[in-house]
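The residues making up each chain are set out below.
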Number of protein chains: 2
Amino acid sequence: MPEFLYNNKLYYNPVEFAMDRIGGTWKMPILWRLKNRIMRFGELRKDIPHITDKMLTSQLRQLEAEGFIHREVYPVVPPKVEYSITPKGKTAIPIIETIRNYGLELMKKEGIRTK
Amino acid sequence: MPEFLYNNKLYYNPVEFAMDRIGGTWKMPILWRLKNRIMRFGELRKDIPHITDKMLTSQLRQLEAEGFIHREVYPVVPPKVEYSITPKGKTAIPIIETIRNYGLELMKKEGIRTK
DNA sequence: AGAGGTACTAACTTTTTGGAAAGTATTAAT
DNA sequence: ATTAATACTTTCCAAAAAGTTAGTACCTCT
């Protein structure tokens with residue numbers, strides 16, 4: 001196992017590294033929504049059920065810091081901030097799709113229906 | 001977003017469901033090692049750096065409970081228990097591979113070398 | 001009698017993640 | 001003067017995931 005350090009955190013394998021970038025409860029839902037359009041903070045919040053302001057802000061910041069999304073601030077009042085996906089962010093989309101389809105497959109096997 | 005309940009836990013999307021089955025720090029490393037051979041508890045422990053007895057046991061139990069692996073106990077002393085992957089478990093392998101390759105790609109972009 | 005091997009199990013602590021609720025800044029509209 | 005709008009920030013708290021340490025059962029071998 002190729003274990004390594006990055007930003008003072010120890011990773012045991014590439015899977016862990018990938019999941020640290022795009023895993024967690026909210027990052028994939030966010031990237032998924034930005035995949036082919038620009039969205040404002042408020043739009044994302046309305047579109048992602050149950051997410052809180054704090055979680056949305058912190059996840060957007062992390063995604064930005066790691067180059068998956070771009071944050072454009074307009075100096076107006078009230079504030080306007082637009083989020084868009086970057087080329088790097090786009091590379092995550094097929095991965096998310098793969099995992100999503102796998103999830104659907106597992107759900108089907110368990111007989112889960114979402115109505 | 002198709003939100004749903006399963007075993008008293010609320011899921012917001014299929015990605016979350018999938019990651020609950022095969023995510024976390026240890027499940028993919030375990031499945032990865034079982035992908036084409038049967039292994040004993042002690043072998044897995046030796047092969048997966050940093051994992052503790054507790055984590056190995058609990059993750060194996062969860063994987064078994066969800067049908068990804070099979071647990072075969074031999075009534076001998078000292079104890080002998082063999083773990084193998086099931087057909088359902090095998091369906092996870094390509095997903096793990098996809099995520100793993102994506103992790104490697106991201107690592108490359110960041111210039112991470114594991115020597 | 002004591003040590004060694006295997007696969008756990010239990011109790012406890014720490015770390016990480018996420019959530020709730022309230023507050024901030026600025027300006028325009030009423 | 002107060003409210004509304006937008007995009008946050010802050011503090012405090014709870015739950016979940018993971019780690020540490022120690023111990024168990026059983027038999028064999030020395």
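Structure shown above.
Residues numbered from 1 in each chain as written. Chains lettered and ligands numbered in written order. Predicted model: local features only at pLDDT ≥ 70, side-chain atom pairs only at ≥ 80, totals over all residues. Heavy atoms only, no water.

**Student:** How would you sum up the pairing of strand S4 (residues 69–74) of chain B? Please name residues and give values.
**Tutor:** Residue and element names in this part refer to chain B. Both S4 and strand S5 (residues 80–85) contribute to a ladder of six bridges, which runs antiparallel. Bridge pairing in S5 places Val-73 opposite Val-81. Connecting S4 to the antiparallel partner S5 that follows it, the hairpin turn spans five residues. (Pairing = 2+ DSSP bridges. Helix = DSSP H or I, 4+ residues; strand = E, 2+ residues; numbered from the N terminus.)

**Student:** Tell me about the pattern of salt bridges, residues and numbers included.
**Tutor:** Residues and elements named next belong to chain B. Taken as a whole and assessed by the stated rule, the structure comprises 16 salt bridges over all chains. Between Asp-47 and Arg-33 there is a salt bridge, with its nearest N and O atoms 2.7 Å apart. Within this pair, whereas Asp-47 is found in helix H3 (residues 41–47), its partner Arg-33 is found in helix H2 (residues 27–34), the two being separated by 14 residues in sequence. For Arg-37, the salt bridge is made with Glu-43, and the minimal N-O distance between the two is 3.7 Å. (Salt bridge = Lys/Arg side-chain N within 4 Å of Asp/Glu carboxyl O.)

**Student:** So what's going on with the packing of aromatic side chains? Which residues, and what values?
**Tutor:** To describe a pair of aromatic rings, one takes the distance between the centres and the angle between the planes. Considering all chains together, one arrives at 10 aromatic pairs over all chains under this definition. Measuring from ring centre to ring centre gives 5.3 Å for Tyr11(A) and Phe17(A), while their planes differ by 75°; the resulting arrangement is edge-to-face. What makes Tyr11(A) buried here is its relative accessible area of 2%. Owing to a relative accessible area of 0%, Phe17(A) belongs among the buried residues under this scheme. Stacked on the ring of Phe68(A), the Lys or Arg Lys88(A) has its end atom at 5.0 Å from the ring centre. We note Lys9(B) situated over the ring of Tyr11(B); from NZ or CZ to the ring centre the distance is 4.6 Å. (Phe/Tyr/Trp six-rings, centres within 6.5 Å; stacked < 30°, edge-to-face > 60°. Buried < 20%, exposed > 50% of the residue type's maximum accessible area, 1.4 Å probe, protein only. Lys NZ or Arg CZ within 6 Å of the ring centre and 35° of its normal.)

**Student:** So what's going on with the interface of chain B and chain A? Which residues, and what values?
**Tutor:** Quoted interface sizes are often the accessible area lost when the parts come together. Listed by partner, the interface residues are 41 residues for chain B and 41 residues for chain A. Summed over both partners, the interface of chain B with chain A buries about 3800 Å², with 77% contributed by carbon and sulfur atoms. Counting across the chain B and chain A interface gives two salt bridges. Our count for the contact surface shared by chain B and chain A stands at eight residue pairs in polar contact (both at pLDDT 80 or more). Mapped onto the side of chain B that touches chain A, the elements with two or more residues apiece are strand S1 (4–6), helix H1 (14–22), H2 and helix H6 (93–109) of chain B. When residues of the side of chain B that touches chain A are assigned to their parent elements, the largest contribution, 12 residues, is made by H6(B). Among the residues forming the side of chain B that touches chain A, the class breakdown is 25 nonpolar, seven polar and nine charged. (Contact = heavy atoms within 4.5 Å. Buried area = accessible area lost by both parts, 1.4 Å probe. Polar contact = N/O pair within 3.5 Å; in protein donor to acceptor, adjacent residues only side chain to side chain. Nonpolar A, V, L, I, M, F, W, Y, C, P; charged D, E, K, R; others polar.)

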